[in-house]
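Report on the structure
Residue strings, one per chain:
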Amino acid sequence: MDFVLVHGAWYAGWSWREVADALREQGHEVHVVEQLPSGGPDPAAFGDVSTDVAHVRELIDGLGRDVVLVGHSYGGIVVGELSDHPRVRHSVFLSAFRPRRGENLLDIRSPHPEEWIVPREDGTLHVTDDHELARKVLAPDLDEAAFAGVHGQRRAHAAVTFTQPATEPERTHPVTYVVCERDEAIFPVDQEKMAAGADHVVRLDAPHLAPLTHPREVADLLAGTR
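Heads up: these notes are all about the structure in this document. (Residues numbered from 1 in each chain as written. Predicted model: local features only at pLDDT ≥ 70, side-chain atom pairs only at ≥ 80, totals over all residues. Heavy atoms only, no water.)

Regarding the sheet that holds strand S3 (residues 39-40)
- Across the sheet, 4 strands lie side by side as S3-S8-S7-S6; this open sheet has antiparallel pairing. The sheet is open, and its two edges are formed by S3 and strand S6 (117-119), each paired on a single side.
- Bridge analysis of S6 against strand S7 (residues 124-127) gives 3 bridges, and the strand direction is antiparallel. Bridged to Val 118 within S7 is His 126. (Pairing = 2+ DSSP bridges. Helix = DSSP H or I, 4+ residues; strand = E, 2+ residues; numbered from the N terminus.)

Structural notes on the sheet that holds strand S5 (residues 88-94)
- Pairing is parallel in the open sheet, where 6 strands are placed in the order S2-S1-S4-S5-S9-S10. The sheet is open, and its two edges are formed by strand S2 (29-32) and strand S10 (200-204), each paired on a single side. Between one strand axis and the next, the sheet turns by 20 degrees as a mean value, whatever way the strands run.
- In the packing of helix H7 (residues 188-195) onto the sheet, the strands contacted are strand S9 (175-180) and S10, and the crossing angle to S9 comes to about 170 degrees. (Axes fitted to C-alpha atoms, helices over the stretch in contact; angles between N-to-C directions. Contact = heavy atoms within 4.5 Å.)

Section: unusual backbone geometry
- A positive phi angle, close to 40 degrees, is found at Ser 95, a residue other than glycine.
- Take Ser 95: it is sitting in the loop between S5 and helix H4 (105-108).
- With relative accessibility at 0%, the residue Ser 95 sits in the buried group.
- For Glu 168, which is not a glycine, the phi torsion comes out positive at approximately 45 degrees.
- On the secondary structure map, Glu 168 appears in the loop between strand S8 (156-158) and S9. (Buried < 20%, exposed > 50% of the residue type's maximum accessible area, 1.4 Å probe, protein only.)

A few points about the environment of Glu 192
- Take Glu 192: it is sitting in helix H7.
- Along the sequence, Glu 192 and Cys 180 sit 12 residues apart, while their C-alpha atoms lie 9.7 Å from each other.
- Aside from chain neighbours lying at most four places away, what touches Glu 192 is Val 179 and Arg 203.

A few points about the nonpolar core
- Grouped together as the largest cluster of nonpolar side chains are 50 residues, with contacts concentrated most on Trp 10, Val 56, Leu 69, Trp 116 and Leu 138.
- A total of 5 residues in this core trace back to one element, the largest contributor, which is helix H2 (residues 49-63).
- What Trp 116 contacts, discounting residues up to four positions off in sequence, is Trp 10, Arg 109, His 126, Val 127, Thr 128, Leu 133, Val 137, Leu 138 and Ala 185.
- Listed in part, the 22 residues of the second largest apolar core include Phe 3, Val 32, Cys 180 and Ala 219. (Core = buried A, V, L, I, M, F, W, Y, C linked by side-chain atoms within 4.5 Å.)

A short note on the packing of helix H1 (residues 17-25) against helix H9 (residues 215-223)
- In contact at an axis separation of 8 Å, H1 and H9 are set at 50 degrees when each is read in the N-to-C sense. Judged on the interaxial angle alone, H9 and H1 are oblique. The handedness of the crossing between H1 and H9 is right-handed. Across from Glu 18, Val 19, Ala 22, Leu 23 and Glu 25 in H1, the residues of H9 making contact are Pro 215, Arg 216, Val 218, Ala 219, Leu 222 and Ala 223.
- Split into classes, the residues belonging to the contact of H1 with H9 amount to 8 nonpolar, no polar and 3 charged. (Parallel < 35°, antiparallel > 145°, perpendicular 65-115°, else oblique. Left-handed = near helix turned anticlockwise from the far one by under 90°. Nonpolar A, V, L, I, M, F, W, Y, C, P; charged D, E, K, R; others polar.)

So this is what it looks like as structure tokens:
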């Protein structure tokens, strides 16, 4: 089985490394989106949701075979826009945004008592420099040293992607939503709302950055996708 893994905002393909390795050990082909155009080191070159979707579409088209398309967090926005792609046989949303037609990410984002996303005047969004707050929201299962390594690799993300409405094409394949039950970035109650209408709903005892904190469990869930 072929998997295409789409990362979330502020991070990149490296966040899927352990999941990808575990899937390959089980005999699967894995293709990781290394960097969506809406993020990276150069904000002047950033794209938006449409360029992210085009980037992933090109990857899938180039493979020329059926895939399971997996999106984590913001990656769900991209996955949802490819719900009618003829080569996608199953979509998986892992603690991911799944807006309905006309909704944008801000419409479905969980409200937070402590703001951990920081906007800048250049049109980019950043994860807070407050190490402890970021760790509490994203990956409390990682010890401080491990999370420092993760936090140090974060990059800017284009703010426009949070306000662009979803087109929600008519889907042509099954959908699985994986609810991370200890998520403090996208609250489980909000994930459950986004899971409504999915063909399968799975619940995982994990925080938001499950690909980093629970890679084996995530890989096993994905391997069971049909």
